[in-house]
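Residue-level structural notes
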Amino acid sequence: MLEAAIFDLDGLMFDTEPIWVSAWDPAFKGQGLELKPGLVQRFFGMSQPRIEELVAQAYDNDPRAITAVREHVRIGIEEMLAHGAPKKPGLDELLALLAEKNVPCAVASASPRTLVESHLRKGGVDTYFSAVIAGDDGLLSKPAPDVFLEAARRLNAAPASSLVLEDSPNGIRAASAGGFLSVMVPDMIAPTPETRSLATCVCSSLLDVRDLIANEELG
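Residues numbered from 1 in each chain as written. Predicted model: local features only at pLDDT ≥ 70, side-chain atom pairs only at ≥ 80, totals over all residues. Heavy atoms only, no water.

The subject of this paragraph is the layout of surface pockets. Estimated volume of the largest pocket: approximately 430 Å³. Trp-20, Met-46, Ile-51, Ala-110 and Ser-111 are, among the 26 residues lining the largest pocket, the residues nearest its centre. Counting residues per element, the ones that place at least two in the lining of the largest pocket are helix 1 (17-29), helix 2 (48-58) and helix 3 (63-83). With 4 residues, helix 1 is the largest single contributor of residues to the lining of the largest pocket. (1 Å grid on protein atoms, 1.4 Å probe; cavity = no way out; pocket = protein on both sides within 12 Å on 5 of 7 lines; lining within 4 Å. Points joined across faces, edges and corners; volume = space filled by probe spheres on them. Helix = DSSP H or I, 4+ residues; strand = E, 2+ residues; numbered from the N terminus.)

Put into structure tokens, the structure is as follows:
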């Protein structure tokens with residue numbers, strides 16, 4: 001029996017990753033810099049401070065690079081606060097099933113709280129969540145398990161009986177490190193042998209997760 005379900009947001013609940021990705025190039029070009037190949041893929045699931053650390057390393061502490069990271073955030077937030085982002089298929093159905101089964105839910109995201117709460121409101125799913133852990137709450141970024149452990153604490157749930165839903169390898173690593181059950185629903189990055197070995201299972205959509213829970217094959 002599941003004690004809790006903890007959701008990532010970007011790429012898992014809402015189709016935000018294309019918006020974030022499209023904001024990187026103009027942000028760096030605006031600072032006279034070229035975006036290094038393969039860098040963005042490392043950022044999925046990471047908090048803003050951790051991304052800034054990686055960018056500082058990649059650009060030899062060039063201050064323009066940090067400015068570009070912050071401009072990327074501004075561009076992405078501006079777009080999503082204005083227009084939102086589409087919900088991922090199966091989100092409504094999965095949340096309805098969890099509510100029916102009285103499984104409390106939390107969001108654990110690397111995005112700023114204002115943006116997380118905006119997505120939840122615009123998507124009409126805010127009432128399903130008893131707790132929101134956001135990227136500006138000061139916890140260590142994924143792949144550290146801190147955000148998931150804090151979510152479980154707030155829901156009074158044991159990690160071993162709580163399900164983490166993630167789309168990124170960093171999120172699955174964090175769930176594994178915290179001792180959680182986990183499902184990967186891939187978005188921008190396909191599962192690797194490593195993530196398949198760490199995840200409880202890999203599903204193609206949230207509808208598949210709903211079916212597994214309905215059939216009592218998770219928990």
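Quick look at the pattern of salt bridges now. Per the stated rule, a full pass over the model turns up 17 salt bridges. In this structure, Glu-150 and Arg-153 form a salt bridge, with 2.7 Å as the shortest nitrogen-oxygen distance. Of this pair, Glu-150 and Arg-153 are both found in helix 6 (residues 146-154), 3 residues apart, which corresponds to roughly one turn of the helix. Owing to a relative accessible area of 15%, Glu-150 belongs among the buried residues under this scheme. The structure contains a network of salt bridges with shared partners spanning Asp-8, Lys-142 and Glu-166. (Salt bridge = Lys/Arg side-chain N within 4 Å of Asp/Glu carboxyl O. Buried < 20%, exposed > 50% of the residue type's maximum accessible area, 1.4 Å probe, protein only.)

Looking at the element boundaries, Pro-63 is found in helix 3. When its relative accessible area of 60% is taken as the criterion, Pro-63 is described as exposed. As a C-alpha pair, Pro-63 and Phe-180 span 117 residues in sequence and 38 Å in three-dimensional space.

The next subject is the packing of aromatic side chains. Counted under the stated rule, the structure contains 5 aromatic pairs. With a centroid separation of 5.9 Å and an interplanar angle of 50°, the aromatic rings of Trp-24 and Phe-28 are classed as tilted. Residue Trp-24 and its partner Phe-28 are located together in helix 1, separated by 4 residues, close to a single helical turn. When sorted by exposure, Trp-24 lands in the same class as Phe-28, which is buried. Seen in terms of ring centroids, Phe-148 and Phe-180 are 6.1 Å apart; in terms of plane orientation they differ by 65°. Their pairing is edge-to-face. Here Phe-148, found in helix 6, pairs with Phe-180, found in the loop between helix 7 (169-177) and strand 5 (181-184); they are 32 residues apart in sequence, far enough to count as distant. Residue classification places Phe-148 among the buried positions, given a relative accessible area of 0%. The class for Phe-180 is buried, based on a relative accessible area of 7%. Ring pairs connect the aromatic residues Trp-24, Phe-28, Phe-43 and Tyr-59, which therefore count as one cluster. (Phe/Tyr/Trp six-rings, centres within 6.5 Å; stacked < 30°, edge-to-face > 60°.)

Geometric descriptors of this kind do not, in isolation, establish any biological role.
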